[in-house]
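Each chain, written out:
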Amino acid sequence: MRTRFFPLTLLLLIVGCVSPAYAEMQVSSLEAGLFTRPDLKLAEGERVLVAGKETIAPARRIKAQLGAKFGVRFTLEGKGAAKPNRVTMLYLTPGIVEENGTRHDKYSVVKDLDVNAGSHDMAFQITETHEQVPGVWEFMVFEDDRLLLRERFELVAP
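Please read all numbers here as calculations on a predicted model, not as lab measurements.

Rules behind the numbers
- Residues numbered from 1 in each chain as written.
- Predicted model: local features only at pLDDT ≥ 70, side-chain atom pairs only at ≥ 80, totals over all residues.
- Heavy atoms only, no water.
- Phe/Tyr/Trp six-rings, centres within 6.5 Å; stacked < 30°, edge-to-face > 60°.
- Helix = DSSP H or I, 4+ residues; strand = E, 2+ residues; numbered from the N terminus.
- Buried < 20%, exposed > 50% of the residue type's maximum accessible area, 1.4 Å probe, protein only.
- pLDDT = per-residue confidence, 0-100.
- Contact = heavy atoms within 4.5 Å.
- Salt bridge = Lys/Arg side-chain N within 4 Å of Asp/Glu carboxyl O.
- Pairing = 2+ DSSP bridges.
- Axes fitted to C-alpha atoms, helices over the stretch in contact; angles between N-to-C directions.
- Polar contact = N/O pair within 3.5 Å; in protein donor to acceptor, adjacent residues only side chain to side chain.

**Q** Please provide a residue-by-residue account of the packing of aromatic side chains, values included.
**A** Each pair of aromatic rings is reported with the distance of its centres and the angle of its planes. Applying the stated criterion across every chain yields a total of eight aromatic pairs. Connected via pairs of aromatic rings, a cluster forms that spans Phe 70, Tyr 91, Tyr 107, Phe 124, Trp 137, Phe 139 and Phe 153.

Shown next as C-alpha cells:
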C-alpha cells in the first residue's frame, strides 16, 4: 500500500515547493481615469515621460483634448525574481488616422516590469490633433495569454 501512494505524495510535495516560485500575477489594486498634474503645461507634440508623479482623477468619460492623459495605474502581486515579469499592454482605439493616412486600431507594448516597483501605469496621452478620436478606447494588460485587467474609456469631443 505504501508504494501506491508514494508517487502521489512525491508529486504533491513537488507541486507545493514549486508553485510559489511561479505564482501567476494578479491585480491587487487599480485606479482608472484622467492623469492630472496641474503644474505641467504641454505644447502640441510634447508628452509626459515621467510616470507615477501624477494623480488620477476617477473618470470613464474623457474629453478628447490636447494634453489629456488617461488610463490605469495598477499594482500586481505574484511578480518574482526567479521568473520573467513581462506583460503585454494592448490599447484598442476607435481608429486613429495619422496625417499620412495610416490607421491604427490598436497599439501593443511589451513591458518588462521591475519586480520591486509598487505600481505600474498604462496610459495614453493625446498630443496630436489626429489623436483626438471620440469613441470607446479599451486598455488590456496580459501576462502571456492571461488577461489581468481590462478597462474601457469613452472619449468625447472637446
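Having seen the structure, we can now continue with the description.
**Q** Account for unusual backbone geometry, naming residues and giving values.
**A** Positive phi, close to 55°, is recorded for Asp 144, a residue that is not glycine. Tracing the chain through its elements places Asp 144 in the loop between β8 (135-143) and β9 (146-156). Since its relative accessible area comes to 68%, Asp 144 is described here as exposed.

**Q** Explain the environment of Val 27 to me, using residue names and the numbers behind them.
**A** Positionally, Val 27 belongs in strand β1 (residues 26-36). Sequence separation of Val 27 and Leu 148 is 121 residues, and the distance between their C-alpha atoms is 6.5 Å.

**Q** So what's going on with the confidence of the model for the protein? Which residues, and what values?
**A** Overall, the predicted model of the protein reaches an average pLDDT of 84, with 76% of residues at or above 70. pLDDT under 50 marks residues 10-21. Its contacts with residues more than four places away, or in other chains, come to one contact.

**Q** An account of the pattern of salt bridges is needed here, citing residue identities and associated values.
**A** Under the definition given, this model contains 11 salt bridges. For the salt bridge of Arg 146 with Glu 24, the shortest nitrogen-to-oxygen distance reads 3.6 Å. Placement of the pair is Arg 146 in strand β9 and Glu 24 in the loop between α1 (2-18) and β1, with a sequence separation of 122 residues. Residue classification places Arg 146 among the partly exposed residues on the basis of a relative accessible area of 30%. Arg 146 serves as the salt-bridge partner of Glu 143, at 2.7 Å between the closest nitrogen and oxygen. The network of salt bridges with common partners includes Glu 24, Lys 83, Glu 143 and Arg 146.

**Q** Tell me what's going on with the pairing of strand β4 (residues 69-77), and back it up with residues and numbers.
**A** Burial runs high along β4: seven of the nine residues are buried. The pairing of β1 with β4 spans nine bridges and is classified as antiparallel. Following the sheet pairing, Ser 29 is matched in β4 by Thr 75.

**Q** Describe the sheet that holds strand β3 (residues 61-63), naming the residues involved and giving the relevant values.
**A** Taken together, the five strands give an open sheet; going across it, the order is β3-β9-β8-β5-β6, and neighbouring strands pair in mixed fashion. Looking at the sheet topology across the chains shown, the edges are occupied by β3 and β6 (103-112). Sheet twist, expressed as the mean angle between neighbouring strand axes with direction ignored, is 25°. Bridging between β8 and β9 involves nine bridges; their strand directions are antiparallel.

**Q** Which residues make up the side chain of Glu 54, and what are the values?
**A** The residue Glu 54 is located in the loop between β1 and β2 (55-58) in this model. Glu 54 sits in the buried class, given a relative accessible area of 4%. Within polar-contact distance, the side chain of Glu 54 engages the side chain of Lys 69 at 3.1 Å.

**Q** Describe the environment of Val 110, with residues and values.
**A** Looking at the secondary structure, you find Val 110 in strand β6. Sequence separation of Val 110 and Leu 90 is 20 residues, and the distance between their C-alpha atoms is 8.7 Å. Among all residues touching Val 110, those that are not within four sequence positions of it are Arg 86, Val 87 and Thr 88.

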